[in-house]
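# Tertiary structure, described
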Amino acid sequence: MKKLALAAALSVVATGAFAGGMVEPVIEPVVIVEDTSSSAGGILVPVLALILIAAAIHHN
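Residues numbered from 1 in each chain as written. Predicted model: local features only at pLDDT ≥ 70, side-chain atom pairs only at ≥ 80, totals over all residues. Heavy atoms only, no water.

### Points about the overall build of the protein chain
Scanning the protein chain for helices and strands turns up 2 helices and 0 strands. For the protein chain, buried positions account for 0% of its 60 residues. Looking at the protein chain as shown, the accessible area adds up to about 6200 Å², and 73% of this sits on carbon and sulfur atoms. (Helix = DSSP H or I, 4+ residues; strand = E, 2+ residues; numbered from the N terminus. Buried < 20%, exposed > 50% of the residue type's maximum accessible area, 1.4 Å probe, protein only. Areas by Shrake-Rupley, 256 points an atom, 1.4 Å probe, with all protein chains shown as cover.)

Next comes the structure, spelled out in structure tokens:
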């Protein structure tokens, strides 16, 4: 009878330790922010300005 009581007590303690079960880990998504402007946008305006200035100087 003592063995039965000991086994019952151990099974209650053991199930309490695993009461939560296996839980999937929560992984937060990685947020990637991309710049929408192209890299050519920064050089396009100065190049066009140089072309227009060169054309104006050549025309005179």
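### Re a nonpolar patch on the surface
A grouping of Ile-43, Leu-44, Val-47, Leu-48 and Ile-51 is seen on the molecular surface, where their side chains present a nonpolar patch of about 460 Å² in accessible area. With respect to the element layout, Val-47 can be found in helix α2 (residues 41-59). (Patch = residues over 30% accessible without salt bridge, like charges linked within 9 Å, V, L, I, M, F, W, Y side chains within 5 Å. Salt bridge = Lys/Arg side-chain N within 4 Å of Asp/Glu carboxyl O.)

Geometric descriptors of this kind do not, in isolation, establish any biological role.
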